[in-house]
Amino acid sequence: NQAGFNLIFGDATGQAWLSALTNYALPSGSYEGGVVVFAISNNRFATQSGLMEALPALVPSLETAWIAVGNAIPIFDDDGVSGVASRESSACLAAARWCLMADGYWVAASETGGYAEGTGSSFAAPQVSGALALLAQAFPNLTPSQLRARLLASADNTFTGFVSAGQVDLGGGFLHDYSTEFGHGFLDIRAALLPIGQTTL
């Protein structure tokens, strides 16, 4: 909310941080801008978004450069994601228009020996950053904002439990549904690498 924004960004240090975020995210001159990928809270029962994942709600100019990432475990069938086994992070809430889900479950070497399981939106968000890097390699002529739009536009929201709260125009009149719980749906790198729309030869 505005009070939280004023608390964090109200002094000189906060203003410098906001300027740095804005300068990185938004295009200027020959600089094409960037994309900020932010992990949302791991509190499954949160009823309010954190300031950083929902920052474009208070600074609308950042929306085209922002992705909030939640953590959920998908159920797959032959056609893709058919449902959600569990949502492990907060819902997208106020960040829903620029949010998507990725599977943040992992198994890795443990500090105490052997292997350990872990889960969290901090493990889901790097998958989205990596997907943006793959798209930048596959489509070198697209701007960061266009790569972000492609990632959101190709997110899988056909699964059971997805309830649309509206649509976002991701550019050129391409509308994509989003929900307050799952945002645009699950990250789908394969779909993001495929042609979108009508193809011609």
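Structure: see above.
I will try to describe carefully the structure that is included in this document. (Residues numbered from 1 in each chain as written. Predicted model: local features only at pLDDT ≥ 70, side-chain atom pairs only at ≥ 80, totals over all residues. Heavy atoms only, no water.)

## Points about helix 3 (residues 121–138)
Each turn of an α-helix holds 3.6 residues, which means side chains three or four residues apart point in the same direction.
Then, number 1: Across its 18 residues, helix 3 extends 26 Å between first and last C-alpha, which sits within 8% of the 26 Å expected from 1.5 Å per residue.
Then, number 2: By the burial criterion, the buried members of helix 3 are Ser121, Ala124, Ala125, Val128, Ala131, Leu132 and Leu135. End-on, the buried residues of helix 3 take up no more than an arc of 110°, which puts them together on one face. (Helix = DSSP H or I, 4+ residues; strand = E, 2+ residues; numbered from the N terminus. Expected span 1.5 Å × (residues − 1). Buried < 20%, exposed > 50% of the residue type's maximum accessible area, 1.4 Å probe, protein only. Arc of directions from axis to C-beta.)

## Focus: the side chain of Ser154
Then, number 1: Mapped onto the elements of the fold, Ser154 is located in the loop between helix 4 (144–153) and strand 7 (166–169).
Then, number 2: Overall, Ser154 belongs to the buried group, its relative accessible area being 10%.
Then, number 3: At 2.8 Å, the side chain of Ser154 and the backbone oxygen of Arg150 are in polar contact.
Then, number 4: The contact partners of Ser154, leaving out residues within four places of it in the chain, are Asp188, Ala191 and Ala192. (Polar contact = N/O pair within 3.5 Å; in protein donor to acceptor, adjacent residues only side chain to side chain. Contact = heavy atoms within 4.5 Å.)

## Some thoughts on the state of the cysteines
Then, number 1: Under the definition given, this model contains one disulfide.
Then, number 2: The disulfide that involves Cys92 links it to Cys99, with 2.1 Å between the sulfurs. Its S-S torsion of about -60° marks the bond between Cys92 and Cys99 as left-handed, since a negative value means left-handed.
Then, number 3: Its relative accessible area of 0% is what places Cys92 among the buried residues. (Disulfide = S-S within 2.5 Å.)

## So, a nonpolar patch on the surface
Then, number 1: Nonpolar side chains collect at one region of the surface, where Leu7, Ile8 and Trp17 lie side by side and expose about 330 Å² of accessible area between them.
Then, number 2: Structurally, Trp17 can be placed in helix 2 (residues 12–25).
Then, number 3: Assessed through its relative accessible area of 40%, Trp17 is described here as partly exposed. (Patch = residues over 30% accessible without salt bridge, like charges linked within 9 Å, V, L, I, M, F, W, Y side chains within 5 Å. Areas by Shrake-Rupley, 256 points an atom, 1.4 Å probe, with all protein chains shown as cover. Salt bridge = Lys/Arg side-chain N within 4 Å of Asp/Glu carboxyl O.)

## A look at helix 4
Then, number 1: Counting buried positions along helix 4 gives eight out of ten residues, so the element sits mostly inside the fold.
Then, number 2: Pro144, Leu147, Arg148, Ala149, Arg150, Leu151, Leu152 and Ala153 are the residues of helix 4 that are buried.
Then, number 3: Packed against the buried residues of helix 4 are strand 2 (66–77), strand 4 (99–102), helix 3, strand 8 (175–178) and helix 5 (189–193).

## Here we look at the packing of helix 1 (residues 2–9) against helix 2
Then, number 1: Packing of helix 1 against helix 2 brings their axes to within 6 Å, and their N-to-C directions diverge by 100°. As far as their axial angle goes, helix 2 and helix 1 are roughly perpendicular. Touching Phe5, Ile8 and Phe9 of helix 1 are Gly14, Gln15, Trp17 and Leu18, all from helix 2.
Then, number 2: For the contact of helix 1 with helix 2, a count of residues per class yields five nonpolar, two polar and no charged. (Axes fitted to C-alpha atoms, helices over the stretch in contact; angles between N-to-C directions. Parallel < 35°, antiparallel > 145°, perpendicular 65-115°, else oblique. Nonpolar A, V, L, I, M, F, W, Y, C, P; charged D, E, K, R; others polar.)

That's the geometry; what it means functionally is another story.
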